[in-house]
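Remarks on the overall topology
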Amino acid sequence: MKTKADISNRKDVKSLVVTFYQKVRKHDILGPIFNQIITDWEAHFELLTDFWETQLFLKRKYHGNPVTVHQEVDDKTNNSVSSEQFGLWLNLWFETIDELFEGEIAWVAKNRAQKMSTMLFLKIFEHRNRS
Ligand code: HEM
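Residues numbered from 1 in each chain as written. Predicted model: local features only at pLDDT ≥ 70, side-chain atom pairs only at ≥ 80, totals over all residues. Heavy atoms only, no water.

**Thoughts on the nonpolar core**
Ile 7, Tyr 21, Phe 34, Trp 52, Trp 89 and Trp 93 are the most contacted members of the largest nonpolar core, which totals 36 residues. Those elements that place two or more of their residues in this core are helix H1 (10-26), helix H2 (30-37), helix H3 (41-57), helix H4 (66-76), helix H5 (83-100) and helix H6 (104-130). For Trp 89, the residues in contact, after removing those within four places along its chain, are Phe 20, Tyr 21, Leu 30, Phe 34 and Ala 113. (Core = buried A, V, L, I, M, F, W, Y, C linked by side-chain atoms within 4.5 Å. Buried < 20%, exposed > 50% of the residue type's maximum accessible area, 1.4 Å probe, protein only. Helix = DSSP H or I, 4+ residues; strand = E, 2+ residues; numbered from the N terminus. Contact = heavy atoms within 4.5 Å.)

**What to know about unusual backbone geometry**
Its identity is not glycine, yet Leu 58 carries a phi of approximately 50°, on the positive side. Despite not being glycine, Asn 78 shows a phi value in the positive range, around 55°. Along the chain, the position of Asn 78 falls in the loop between H4 and H5.

**Topic: the side chain of Thr 96**
Along the chain, Thr 96 turns up in helix H5. The class of Thr 96 is buried, set by a relative accessible area of 0%.

**Topic: the site of the ligand**
Phe 34, Leu 47, Tyr 62, His 70 and Trp 89 are the nearest of the 21 residues found near the ligand. Between the ligand and His 70, the relevant distance is 2.9 Å, taken from a nitrogen atom to a side-chain nitrogen or oxygen of the residue. Elements with a contribution of two residues or more to the shell around the ligand: H2, H3, H4, H5 and H6. A class-by-class count of the residues in the shell around the ligand yields 15 nonpolar, five polar and one charged. (Near = heavy atom within 4 Å. Polar contact = N/O pair within 3.5 Å; in protein donor to acceptor, adjacent residues only side chain to side chain. Nonpolar A, V, L, I, M, F, W, Y, C, P; charged D, E, K, R; others polar.)

**What about the environment of Asp 40?**
One can find Asp 40 in the loop between H2 and H3. Between the C-alpha atoms of Asp 40 and Thr 77, which are 37 residues apart in sequence, the distance is 19 Å. Among the polar contacts made by the side chain of Asp 40, one reaches the main-chain amide nitrogen of Ala 43 at a distance of 3.1 Å.

**Notes on the coordination of the iron atom of the ligand**
Angles at a metal have ideal values that depend on geometry: 109.5 degrees with four tetrahedral donors, 90 or 180 degrees with six octahedral donors. There is one protein donor for the iron atom of the ligand, namely His 70 (NE2), at 2.0 Å. Looking at the element boundaries, His 70 is found in helix H4. (Donors = N, O, S within 2.8 Å, 3.2 Å for Na, K, Ca; no water.)

**A few points about the environment of Lys 14**
Relative to the elements of secondary structure, Lys 14 occurs in helix H1. On the accessibility criterion, Lys 14 (23% relative accessible area) is partly exposed. On a C-alpha basis, the gap between Lys 14 and Phe 45 in space is 7.1 Å, while along the polypeptide they are 31 residues apart. Here Lys 14 is in contact with Glu 42, Phe 45, Glu 46 and Thr 49, once residues within four sequence places are set aside.

**What to know about the pattern of salt bridges**
Once their charged atoms are close, side chains differing in charge can pair, the charge on each being opposite to the other. One pass over the full model with this rule turns up eleven salt bridges. Between Arg 10 and Glu 53 there is a salt bridge; the shortest N-O distance is 2.5 Å. With Arg 10 in helix H1 and Glu 53 in helix H3, this residue pair connects regions lying 43 residues apart in the sequence. Each member of the salt-bridge network shares a partner with another, and the members are Arg 10, Lys 14, Glu 42, Glu 46, Asp 50, Glu 53 and Lys 61. (Salt bridge = Lys/Arg side-chain N within 4 Å of Asp/Glu carboxyl O.)

**A few points about the packing of H1 against H2**
One way to put it is that H1 packs onto H2 with a least axis distance of 6 Å and a crossing angle of 105°. Viewed along their axes, H1 and H2 adopt a mutual orientation that is roughly perpendicular. Contact residues: Tyr 21, Val 24 and Arg 25 in H1; Leu 30, Gly 31, Phe 34 and Asn 35 in H2. When its residues are assigned to classes, the contact of H1 with H2 shows four nonpolar, two polar and one charged. (Axes fitted to C-alpha atoms, helices over the stretch in contact; angles between N-to-C directions. Parallel < 35°, antiparallel > 145°, perpendicular 65-115°, else oblique.)

Set out below in structure tokens:
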């Protein structure tokens with residue numbers, strides 16, 4: 001039986017993003033990476049809300065480049081970003097979506113994150129081998 005609503009607007013996306021990063025910040029392994037690099041969390045929430053609104057509702061609000069940003073994150077952490085960390089990131093993302101939402105857009109949010117994490121990890125590796 002369907003008990004939760006689907007992700008349907010910016011308010012939903014923001015609550016997903018904020019709940020997710022609250023978990024990330026407290027996480028034993030992921031927390032230190034994010035807390036070391038991100039100083040303005042409100043700005044990060046807004047940016048990631050723009051990113052996911054763009055991904056899920058084709059809003060054209062996010063115009064950044066996640067590939068170069070994550071290559072820089074890897075540089076800043078002495079090339080230590082690992083597939084295990086991406087797995088932990090994805091587990092928390094899936095867990096947060098399942099806690100809050102249910103439906104087609106919730107499924108797309110999981111699927112998109114899974115595809116992006118594979119792509120980002122490969123791009124980090126490519127950059128590491130070049131530099
Ligand atoms: C282990 C996995 C990951 C780590 C450690 C990580 C870490 C970070 C950090 C530290 C930032 C902030 C960078 C800064 O402000 O200088 C960031 C930004 C971001 N992350 Fe991740 N991330 C991970 C996975 C992902 C995945 C799977 C996605 C997408 C599905 C994603 C999407 C983004 C986006 C869109 C930004 C903002 C980029 C921008 O500034 O334009 N991240 N990430």
